[in-house]
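# Residue-level structure breakdown
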Amino acid sequence: RATALQPSSGIQAAPNISVDSKLRSSNTADSETFEASNVKDYSSEAAGLFGNIRVPAALFAGASAGAAFALPLGNSDGVQVGMIKRVYALLMMGALSSQIVAVVISTLTLAAISTNRSKRMSTSLRSFMDEFFDFEWISCRLHFLGGVLFFSLAVGLRAWVTIACPIISKSALGIIL
């Protein structure tokens, strides 16, 4: 801001209001023009993001459902192996449940995006997701990543139980975990 100083008294004079108000109004007009030119509907990009989670989640759900009962309990299993097999089944069921929730959330959100008749305008995809689909996006990613984590832990336990060589089985468990 431009101010005029009076050298004799050292007191600062009031700023020139006409120059100051013109600068503010031109900055506001420029920023409004800039934002108006960058505002658009990011519905198709958001649908792509949810679709990118839905397909892998469905694949992980199918793999989890098939593998959940792959380690049946036997009479000759000791306490440790029996417990590991039970934890394996629980982890696979947790992976299946998490992935199904991710698929359902993404499918319902895709339906909401495609059936919305009003334009949802935003300046970026990030702000669009934060403003309109924040809860759906966070919960979808959380369930997908949780399901992948459960699946990975279960695969590590399965490798530990099924590989006969103790060195290799512990190495496989360490690699996966």
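The structure contained in this document is the topic of the report that follows. (Residues numbered from 1 in each chain as written. Predicted model: local features only at pLDDT ≥ 70, side-chain atom pairs only at ≥ 80, totals over all residues. Heavy atoms only, no water.)

## Topic: the packing of helix α4 (residues 125-132) against helix α5 (residues 134-162)
The condition is simple: For helices, the fitted line uses only the C-alpha atoms of the stretch in contact; every axis is such a line through C-alpha atoms, and the angle between N-to-C directions lies from 0 to 180 degrees. Where helices and strands are cited, they refer to DSSP runs of H or I of at least four residues and of E of at least two residues respectively, numbered from the N terminus. Should an angle lie under 35 degrees it is considered roughly parallel, over 145 roughly antiparallel, and from 65 to 115 roughly perpendicular; all remaining angles are considered oblique. Pairs of residues are marked as contacts when any of their non-hydrogen atoms sit within 4.5 Å. Note on residue categories: nonpolar means Ala, Val, Leu, Ile, Met, Phe, Trp, Tyr, Cys or Pro, charged means Asp, Glu, Lys or Arg, and polar means any other residue, Gly included.
Where α4 contacts α5, the axes come no closer than 5 Å and their chain directions differ by 100°. On the basis of the axis angle, α4 is roughly perpendicular to α5. Side by side, α4 and α5 meet where Met129, Asp130 and Phe132 of the first sit next to Asp134, Glu136 and Trp137 of the second. Class assignment of the residues belonging to the contact of α4 with α5 gives a composition of three nonpolar, no polar and three charged.

## Digging into the nonpolar core
Quick reminder of the rule: The term nonpolar core refers to a set of buried residues drawn from Ala, Val, Leu, Ile, Met, Phe, Trp, Tyr and Cys, joined through side-chain atoms within 4.5 Å. For every residue, the accessible area obtained with a 1.4 Å probe (protein chains only) is divided by the maximum for its type, and the residue is called buried under 20%, exposed over 50%, and partly exposed between those limits.
Ranked by internal contacts, the top residues of the largest apolar core, which has 15 residues, are Phe50, Phe128, Met129 and Cys140. Broken down by secondary-structure element, the contributors of at least two residues to this core are α2 (43-67), α3 (79-115), α4 and α5. Residues contacting cysteine 140, with those up to four places away along its chain left out, are Phe50, Ile53, Ala102, Ile105 and Ser106. Core analysis: the second largest hydrophobic core is formed by 11 residues, Ala68, Leu91, Phe151 and Ala154 among them.

## Digging into the packing of aromatic side chains
The condition is simple: Geometry of aromatic contacts follows a simple scheme: Phe, Tyr and Trp rings, the Trp one being its six-membered ring, pair when their centres are within 6.5 Å, and the pair is stacked under 30 degrees between planes, edge-to-face over 60, tilted otherwise.
Applying the stated criterion across every chain yields a total of seven aromatic pairs. Aromatic side chains tyrosine 42 and phenylalanine 128 sit 6.4 Å apart centroid to centroid with 50° between the ring planes, which places their arrangement in the tilted category. Of this pair, tyrosine 42 sits in the loop between β1 (40-41) and α2 while phenylalanine 128 sits in helix α4, and the two are 86 residues apart along the sequence. Ring geometry for phenylalanine 50 versus phenylalanine 133: centroids 6.3 Å apart, planes at 75°, classification edge-to-face. Placement of phenylalanine 50 in helix α2 and of phenylalanine 133 in the loop between α4 and α5 is noted, with a sequence separation of 83 residues between them. Like phenylalanine 133, phenylalanine 50 is buried.

## Quick notes on α5
Inclusion rule: One less than the number of residues in a helix, times 1.5 Å, gives the span that helix is expected to have.
Look at α5: 42 Å from first C-alpha to last across 29 residues, which is about the 42 Å you get at 1.5 Å a residue. Three or more residues of α5 are buried, namely Trp137, Ser139, Cys140, Phe144, Gly146, Gly147, Phe151, Ala154, Gly156, Leu157 and Ala159. Looking at the packing, one finds that the buried side of α5 touches α2, α3, α4 and α6 (166-176).

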